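# Descriptive structure summary
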Amino acid sequence: MIGAKVIAPIVLGILMLALWEGIVRAAGIEPYILPGPILVAKTLIADWGTLEPSLLVTLRITLEALAAAVAVGGLLAILFSLSRWVELSLFPYAIILQVTPIVAIAPLIIVWANNVELSLLICAWLVAFFPILSNTILGLRSVDPNLLDLFRLYGAGRWRTLVDLRLPAALPYFLGGLRISGGLALIGAVVAEFVAGTGGNASGLAWRILESGYQLKIPRMFAALMLISATGIVIYLLLTWLSHLLLRRWHESALPES
Amino acid sequence: MQLVGVRGVSKVFANGVEALANVSLDVQAGEFLSVLGPSGCGKSTLLRLIAGLAEPTTGTIDWSDDKGRADLGFVFQEPTLMPWATALANVALPLKLRGVAKSEREARAAEALDNVGLKGFMRVWPRELSGGMKMRVSLARALVVKPRLLLMDEPFAALDEITRHRLNDDLLELWQASGVTVVFVTHSVFESVFLSQRIVVMSARPGRVSADLAVTTPYPRSQAFRTSAEYAAWCRQASSRLGEAMAA
């Protein structure tokens, strides 16, 4: 069945690409309107010298934002689970950060941070941290009450209960949040760069897309777009694999379907 | 000799529900005592009060000596195992929480698993175990601290009859071998008669003690006891007490 799971989407993908190329050629569509996949691939190779540094910039911001989201989201969740007062005072503000559109606050952050890369990082982090926070809080609370009683019966303190009971119980929820945040960190990094509209050498893939649009280099725009998609897919696959690795021995989500 | 005494205990929950009303009960050291009653009679609440997991609204729980709740085993209705830990780590948990060194707690946990008939299942994960085996692991975890009082809250209610009978037999063996005092909560007349020396029958809403029945058949109680006329007579007696409790 794993064969079919991999082969079916690949076959469909190849068919769609062939159809795309066929339509572009048959209708004689100009490359600055819609380039065919073969031209996009050629452009990707030819422009690799400019695209690769941009890919690395976007990738670095995404991963740094994700790491910061894990650290802040995870720690806040633990703090919330330890103290009801901290949660009651801080959680509304976490929600405000989450519901405010990043495009709307990005200009403000760019002005305040006074450093393009730092402001992109803050934007990407803002988008990425909430799923980790809310999922981890949910996990830390989804503990079997009987197990909590058992820990109490044998005199376990708050810290012991956190380390030996709440954290392992929260792990599947945290990993679910992490998978969402991985994609969001990339989206945040790209969206923020669109707003920031940076030029110069430290530019990410979003700037390459904007630049290609200004210069009507549509094949390069497609190439940059594909790199962003590919990055998102790789991040998702890696996080899925990590989740499987950590949960495969005990959690229902990682069991083979029967 | 009395181990623990429940003295005029009432329990009213925050939502106003009166779970227990003036319950008094003496638990003798070494005895096998069943608490029999319909659902909603507060028998689980009684167990939690004895364990110290909840406080009585009025009345007291008196222990015969200063050791109090130091050595307690608790078996829940569900196996209540940590799914991320092996059978061995689950059984060793109470020792870990009490700060026993790793090598010693693993040795004792292995012995406890052995005692419930799960030798060779140390490295197995809970999801790989059947319902009956999970309950055995749960029992081993309660016994690993060598408790003087074992509190059991309808532990076998969710199991099939064949598994339940086998676990009843093994529980009696463990009880006789260890000398532990058992308070066993159940809603099954047959189970309470087979297991216990004494059955306390409770009525519901609010929970009160309505009868105290001694089952004098000597141990060991074998498979033959299950089908004997004597067993049937005890069951009839316990049933009618339960009927009176529910009519009251």
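Residues numbered from 1 in each chain as written. Chains lettered and ligands numbered in written order. Predicted model: local features only at pLDDT ≥ 70, side-chain atom pairs only at ≥ 80, totals over all residues.

### Some thoughts on the overall build of chain A
Each helix and strand counted, chain A has ten helices and zero strands in total. Reading chain A from its N terminus to its C terminus gives the helix and strand order α-α-α-α-α-α-α-α-α-α. By principal-axis analysis of the C-alpha atoms, chain A measures approximately 75 × 55 × 25 Å. Counting across all 258 residues of chain A, residues that qualify as buried make up 36%. Considering only contacts in chain A between residues 6 or more positions apart, those separated by 24 or more positions represent 77%. (Helix = DSSP H or I, 4+ residues; strand = E, 2+ residues; numbered from the N terminus. Buried ≥ 20, exposed ≤ 12 C-beta atoms within 10 Å, placed from the backbone. Contact = placed C-beta atoms within 7 Å.)

### Points about the overall build of chain B
From N to C terminus, chain B includes eight helices and nine strands. A globule of 248 residues ought to have a C-alpha radius of gyration of about 18 Å, and chain B, at 18 Å, matches this closely. The buried share of chain B, taken over its 248 residues, is 42%. Considering only contacts within chain B whose residues lie at least 6 apart along the sequence, 73% involve residues at least 24 apart. (Rg over C-alpha atoms; globule rule 2.2 N^0.38 Å.)

### Details of the interface of chain A and chain B
Facing 16 residues of chain A, the contacting portion of chain B comprises 15 residues. Only α7 (145-153) and α8 (158-196) of chain A provide two or more residues apiece to the side of chain A that touches chain B. Residue contributions to the side of chain A that touches chain B peak at seven residues, all from α7(A). For the side of chain A that touches chain B, the class distribution of residues is eight nonpolar, three polar and five charged. (Nonpolar A, V, L, I, M, F, W, Y, C, P; charged D, E, K, R; others polar.)

### Observations concerning the pairing of strand β7 (residues 181-186) of chain B
All names here are of chain B. Taken across its six residues, β7 has six buried, putting it largely inside the fold. What you see with β7 is no split at all: T181, V183 and V185 on one side and V182, F184 and T186 on the other are buried throughout. Relative to β7, strand β3 (residues 32-36) runs parallel, the two being bridged by five bridges. By the bridge assignment, L33 is partnered in β7 with V183. Pairing of strand β6 (residues 149-153) with β7 involves five bridges; the strand directions are parallel. Looking across to β7, one finds that L151 is bridged to V183. (Pairing = 2+ DSSP bridges.)

### Examining the sheet that holds strand β2 (residues 18-28) of chain B
Pairing between the strands of a sheet is mediated by backbone hydrogen bonds and can be parallel or antiparallel. Residue and element names in this part refer to chain B. Spatial ordering of the open sheet is given by β2-β1-β4, a layout of three strands whose pairing is antiparallel. Unpaired on one side and paired on the other, β2 and β4 (58-63) mark the two borders of the sheet. Within the sheet, the average angular offset between the axes of one strand and its neighbour, ignoring direction, is 10°. Here seven bridges tie strand β1 (residues 2-12) to β2, and the two strands are oriented antiparallel to one another. Residue pairing across strands places V6 opposite L25, the latter belonging to β2. (Axes fitted to C-alpha atoms, helices over the stretch in contact; angles between N-to-C directions.)

### Re the domain arrangement of chain B
Residue and element names in this part refer to chain B. Domain assignment breaks chain B into domain 1 (2-71 + 147-247) and domain 2 (84-146). Computed from C-alpha coordinates alone, the two centres of domain 1 and domain 2 are separated by 25 Å. Facing eleven residues of domain 1, the contacting portion of domain 2 comprises ten residues. Counting residues per element, the side of domain 1 that touches domain 2 draws most heavily on helix α5 (residues 161-178), which supplies four residues. Among the residues making up the side of domain 1 that touches domain 2, the classes are represented as eight nonpolar, one polar and two charged. (Domains from an automatic or database assignment.)

### Thoughts on helix α9 (residues 205-214) of chain A
Those residues of α9(A) that fall on the buried side of the exposure criterion are L205(A), A206(A), W207(A), R208(A), I209(A) and S212(A). In the core, the buried residues of α9(A) are packed alongside α3 (48-82), α8 and α10 (218-247) of chain A.

### Quick word on the sheet that holds β6(B)
Residue and element names in this part refer to chain B. If you walk across this open sheet you meet the six strands as β5-β6-β7-β3-β8-β9, and the pairing is mixed. The open sheet has two edge strands, β5 (72-75) and β9 (208-214), and neither has a second partner. Direction aside, neighbouring strands of the sheet carry axes that sit 15° apart on average. Two elements, β5 and β6, share four bridges in a ladder whose sense is parallel. Bridging from a neighbouring strand, G73 pairs with L150 of β6.

### As for the pairing of β6(B)
Most of β6(B) sits inside the fold, with five of its five residues counted as buried. Both faces of β6(B) are covered, namely the face carrying L149(B), L151(B) and D153(B) and the face carrying L150(B) and M152(B).

### Quick look at the environment of G74(A)
Here G74(A) lies in helix α3. Here G74(A) is in contact with I132(A), T136(A) and F174(A), once residues within four sequence places are set aside.

### Re the packing of helix α5 (residues 102-113) of chain A against α8(A)
Residues and elements named next belong to chain A. The contact between α5 and α8 brings their axes to 9 Å, and the two run at 60°. The orientation of α5 with respect to α8, classified from their angle, is oblique. Taken as a pair, α5 and α8 cross one another with a handedness that is right-handed. Here I102, V103, A106, P107 and I110 of α5 lie close against α8, whose contacting residues are G188, V191, A192, V195 and A196. Partitioned by chemical class, the residues of the contact of α5 with α8 number nine nonpolar, one polar and no charged. (Parallel < 35°, antiparallel > 145°, perpendicular 65-115°, else oblique. Left-handed = near helix turned anticlockwise from the far one by under 90°.)

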